[in-house]
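Now for the letters of each chain:
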Amino acid sequence: MDPSPKKILLVEDEDFIRELYVRQLTKNGFLIKSAVDGQSGLEMLKQESFDLLLLDIMLPGMNGLQLLREFKTQYPNSKMITILLTNLGQEAVIKEGFELGAQAYLIKASYTPDQVVNEVKNALSGGQPAPTNPIQ
Amino acid sequence: MLPLVVGFFFISSPVIIIAAGIITLVLAVTASFWILKPLNILITGTEILNKGNFNHRFDIRSGDELEEVGNSFNLMADKLTQTFQSLEKDKDLISVEKNELGVVLSSVIDGIIALDFNRNIILLNKAAQDLTGFTQEEVFGKPIDQIIHLFSDQEEVFSKYYCQTNFNQPLKLVGKNGSQVKINLFSSSVSAGIQTRLGCILILHDLSREEELEQMKFDFVSMASHELKTPLTSIIGYISVFLGDYKNKIPKEDFDLLNRSLISAQQLLRLVQNLLSVNKIEKEQLAVSLEPLDYYLVLSKSVEDLRSQANLKNIVLTLFPQKEPVPKVLADPLRLGEVVTNLVANAINYTPAGGKVDIFTQVSPDKITTTVSDTGVGIPKEAIPHLFNKFFRVSNQLQKANKGTGLGLYIAKSIIEKLHGKIWVESEEGGGSKFSFTIPVFNQTKNVLDSDKYALEAVQSGRLNY
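Summarised in this report is the structure supplied together with it. (Residues numbered from 1 in each chain as written. Chains lettered and ligands numbered in written order. Predicted model: local features only at pLDDT ≥ 70, side-chain atom pairs only at ≥ 80, totals over all residues.)

All names here are of chain A. Burial of strand β3 (residues 52-56) is extensive: five of the five residues sit out of reach of the surface. Neither face of β3 is open: one carries Leu52, Leu54 and Asp56, the other Leu53 and Leu55, and all of them are buried. In the sheet, strand β1 (residues 7-11) pairs with β3 via four bridges, with the strands oriented parallel. Across the sheet, residue Leu10 finds its bridge partner in β3, namely Leu54. Relative to strand β4 (residues 81-86), β3 runs parallel, the two sharing five bridges. Paired with Leu54 across the bridge in β4 is Ile83. Each parallel crossover has a hand, and for β3 linked through helix α3 (residues 64-74) to β4 it is right-handed. (Buried ≥ 20, exposed ≤ 12 C-beta atoms within 10 Å, placed from the backbone. Helix = DSSP H or I, 4+ residues; strand = E, 2+ residues; numbered from the N terminus. Pairing = 2+ DSSP bridges. Right-handed = clockwise from strand over helix to strand, strands pointing away.)

See below:
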């Protein structure tokens, strides 16, 4: 086990989704904090540093991309990994997210919470792809 | 006796002169009464007729040729009156018809433009004036191509082309001061056999209302799909977490109950996603964002997501290991996942319990071919050409019911074509189906990069470092 647990910030406005992800990530040994909108998410990013940001794009008020842009302007040298949480059908915003430095994106509806946890682990361990063993 | 006679002669000569005068006077009066008066009537009468009063008649009762002349004139006047009246009637009729035609043309909601043989404008109805912004007076007699400009995509379409044959196509109309409107142009050339100066008729149907409705439909489906997905994501998330935690702690029967709920929710989610995708395809807004992918990861995730559904039907779902290293592909993982999901879900749906669904890939220098093969009911030969059409569903006696929306294969084909691949099927009724599609490998997609600015920039910036 990693001696110091990784710190994750989850910004997600849907209560059920947010609480579910928090539960699963906590269970898997991460230190997780969450925010329900872009503005409070950005405030939390200013107060402490996180290893990874799980960021929903569609948020009330300041949206995910605006948050990311603001954060990159203020902390251009941050090493924090960003994974975007999206819904299918947001190709344009995904491109924009990548341009703002996001490393990956997950389609909320297509990933079970455990798959999300796996993607988070992968991203934190340097993006090692999952083994491609024959499956039956 | 002679002197008497002579004397009488001399005596009588003034009398004779007077008598002759009287006779002459009588004759003159007679003549004026019998000849000059009728002539006068004729002269005055013809003058009246000349002035256009065809109701005038000649009253000559001389009992001679003059009376006949007068009667002839009366006859002629009768005929003239009749002809004139019928002409007046025709004129009224024509003007009524003209008015009616004018009202019809101006009441038609579609724009109508009539051109002569030289394709100059000779008529522009009210709707056409509204659509183009020009008045009839402004453009009368002017060449159509100088007045309005029609575009199919970026290319201008000229009257020489659309007046040649029957033409029926949506176009962009650029009218007065550059105003733009989407229309459907129907034009037809007027056959030369008809005795008119008409050369071509244009009917312009305003598509902006349709577009508005289309947009409303598009927005509604987008919004509804999104709203449906949010709770579905929660349902699927929570059940899958519960099943993960309690798989070995609850009785199998209880596990199955909840597992079926999960599978149904996943099916519903795929339906919603298909609706969303087809909505975008219809609006030509289905975008693919290309990135270099480890294709096998995309493939195995999509297949694994359907495993519990296959297990439930006791279908053996096998993803065969790749025989050789699969090169990176430049594709859109979401869309590619949709293709695999649709093909594998179809295979599971149309394969009876206890059957097999195999998925394997084949790598060649320029492309990866993926095949989804099943032991299902197969597809009748006559259905194969329509299989990738929207809403098409095979009606098959072997099938108890028509499952699905008929959208999956249509979406798969649209996506694969966007990814510069091909998709096809081999099948026999009762003998299973084999759906295959190709995607170009990365080195083959370099020319594709030219058409995708984002991917090109990404490669140039070193972010896509392959």
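Additional details are given in the paragraphs that follow.
Every contact between the two is made by 24 residues of chain A and, on the other side, 29 residues of chain B. For the side of chain A that touches chain B, the secondary structure elements donating two or more residues are α1 (15-27), α4 (91-99) and α5 (113-124) of chain A. By residue class, the composition of the side of chain A that touches chain B is 13 nonpolar, six polar and five charged. (Contact = placed C-beta atoms within 7 Å. Nonpolar A, V, L, I, M, F, W, Y, C, P; charged D, E, K, R; others polar.)

Turning our eyes to something else, we now look at the packing of α1(A) against α5(A). Residues and elements named next belong to chain A. Look at α1 against α5: their axes get within 10 Å of each other, and the N-to-C directions meet at 55 degrees. Judged by the inter-axis angle, α1 sits oblique to α5. Both α1 and α5 take part in a crossing whose hand is right-handed. Mapping the contact onto sequence places Leu20, Tyr21, Gln24 and Leu25 in α1 and Pro113, Asp114, Val116, Val117 and Val120 in α5. (Axes fitted to C-alpha atoms, helices over the stretch in contact; angles between N-to-C directions. Parallel < 35°, antiparallel > 145°, perpendicular 65-115°, else oblique. Left-handed = near helix turned anticlockwise from the far one by under 90°.)

Residues and elements named next belong to chain A. An order of β2-β1-β3-β4-β5 is seen for the five strands of this open sheet, with the pairing classed as parallel. Lying at the two open borders of the sheet, with one neighbouring strand each, are β2 (31-35) and β5 (104-107). Strand after strand, the sheet turns through a mean of 20 degrees between neighbouring axes, direction not considered. The sheet contact formed by β4 and β5 spans four bridges and is parallel. Bridge pairing in β5 links Ile83 to Ala104. Lying over the sheet, α5 contacts β1, β3, β4 and β5, oriented at roughly 155 degrees with respect to β4.

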